[in-house]
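Coordinate inspection notes
Residue strings, one per chain:
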Amino acid sequence: MADDSPKERLVGVYSDDGASPWCVDCTCKMLTRRSYTAVRLTAEDILSGEWTRNFVGVVFPGGRDSPYHDKLQGPGNKLIRRFVERGGWYLGLCAGGYYGSARIKFCEGDPNMEIETSRELAFFPGSAVGPRYPGYKYVDNSGERIVSVIRPVSCRSPRDKEKRVYFNGGCYFSPVESKELKCSTTLWEYVGPSDTAPAVVGCCVGRGRAVLSGVHPEVGYADLDSSPHSDEVMSEMELHDSDRLKVLDDVFVFLENVTVDG
């Protein structure tokens with residue numbers, strides 16, 4: 001895990017059980033394009049605590065949240081939470097967004113896939129509820145689609161338009177009445193099918209910050225070549241590939257407004 005890059009540009013990407021190799025690759029490419037040095041971390045690396053002295057942030061990518069919990073519950077999650085509270089940042093993408101919420105409600109009513117439980121990081125004090133759109137399957141990409149998101153009315157300018165981004169099994173964020181909720185803000189929200197709901201939320205955590213996302217703004221059109229995808233999804237991604245960059249810009253403006261302990 002040793003890396004001589006300047007501290008302010010090192011970001012860990014969780015790459016152990018549960019993390020989709022394709023999502024890890026997409027995440028590392030996205031970070032590199034934003035001039036970070038992405039370092040893949042195992043659960044053993046997380047538990048060592050070494051990374052907390054040198055890294056500015058950590059990303060939990062798409063995949064499956066339950067294996068994250070199996071390996072990191074207790075000591076691992078305490079290290080991650082303390083890292084953020086002391087000025088680091090956390091980015092949770094899809095599975096990582098579920099993992100960073102206080103509660104998960106996944107595939108309610110499906111006897112084979114339903115998960116309803118609490119999680120320890122609890123950067124967002126409410127629930128991650130998903131999938132937002134139907135059709136998700138663990139075994140393939142048949143549930144993937146391109147969805148519309150928009151900035152919330154409270155921070156939307158007349159020129160703001162809907163953005164089209166990649167989605168596959170992600171959640172929306174359901175708040176609860178809590179004083180901690182004042183530390184959370186909606187950065188982007190889903191448009192439709194019948195109403196809006198938070199798609200990307202930012203959370204202030206001590207001196208640090210966390211962003212949780214139900215969509216995949218790290219996935220670009222060029223990334224689709226490395227995994228089987230439908231022609232329809234690929235065609236639309238090509239048309240709207242720049243949209244995700246606007247979403248990512250907002251994500252990193254929020255995350256980078258932190259001061260990391262020296």
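Located above this text is the structure these notes cover.
From a predicted model like this one, the values you see are computed outputs, not experimental measurements.

What follows covers helix H7 (residues 243–255). Helix length check: H7 (13 residues) gives 19 Å between terminal C-alpha atoms against 18 Å at 1.5 Å per residue, within 8%. If you check which residues of H7 are buried, you get Asp 243, Arg 244, Val 247, Leu 248, Asp 250, Val 251, Phe 252, Phe 254 and Leu 255.

Read from one edge to the other, the open sheet built from four strands follows the order E6-E5-E7-E10, with strand pairing classed as mixed. In this open sheet, the two edge strands, each paired with only one partner strand, are strand E6 (115–118) and strand E10 (172–174). Put simply, the sheet's adjacent strands are angled 25° from each other on average, direction ignored. Bridge analysis of strand E5 (residues 101–106) against E6 gives four bridges, and the strand direction is antiparallel. From the neighbouring strand, Lys 105 faces E6, where its bridge partner is Glu 116.

Right, let's talk about the sheet that holds strand E12 (residues 196–205) for a bit. What holds strands together in a sheet is hydrogen bonding between their backbones, with the strands either parallel or antiparallel. Read across the open sheet, the nine strands follow the order E2-E1-E3-E4-E13-E12-E11-E8-E9; overall the sheet is mixed. Two strands lie at the open edges of the sheet, namely strand E2 (37–41) and strand E9 (163–167), each paired on one side alone. In this sheet, neighbouring strand axes are inclined to one another by 25° on average, regardless of whether the strands run parallel or antiparallel. As paired strands, E12 and strand E13 (residues 208–213) are joined by six bridges and run antiparallel to one another. Pairing of Val 201 across the sheet is with Leu 212, part of E13. On top of the sheet, helix H4 (residues 75–85) reaches strand E3 (57–60), strand E4 (89–93), E12 and E13; it is set at about 125° to E4, its chief contact.

This paragraph deals with the environment of Asp 70. Residue placement: Asp 70 occurs in helix H3 (residues 65–72). On the basis of relative accessible area, Asp 70 is assigned to the exposed category, the value being 54%.

Here we take up the packing of aromatic side chains. In this structure the tally under the stated criterion is 18 aromatic pairs. A centroid spacing of 6.2 Å and a plane angle of 80° characterise the contact between Phe 167 and Tyr 190, whose relative ring orientation is edge-to-face. Residue Phe 167 is located in strand E9, and its partner Tyr 190 is located in strand E11 (residues 184–191); the two are separated by 23 residues in the primary sequence. Overall, Tyr 190 belongs to the buried group, its relative accessible area being 0%.

Quick notes on the rules
- Residues numbered from 1 in each chain as written.
- Predicted model: local features only at pLDDT ≥ 70, side-chain atom pairs only at ≥ 80, totals over all residues.
- Heavy atoms only, no water.
- Helix = DSSP H or I, 4+ residues; strand = E, 2+ residues; numbered from the N terminus.
- Expected span 1.5 Å × (residues − 1).
- Buried < 20%, exposed > 50% of the residue type's maximum accessible area, 1.4 Å probe, protein only.
- Pairing = 2+ DSSP bridges.
- Axes fitted to C-alpha atoms, helices over the stretch in contact; angles between N-to-C directions.
- Contact = heavy atoms within 4.5 Å.
- Phe/Tyr/Trp six-rings, centres within 6.5 Å; stacked < 30°, edge-to-face > 60°.

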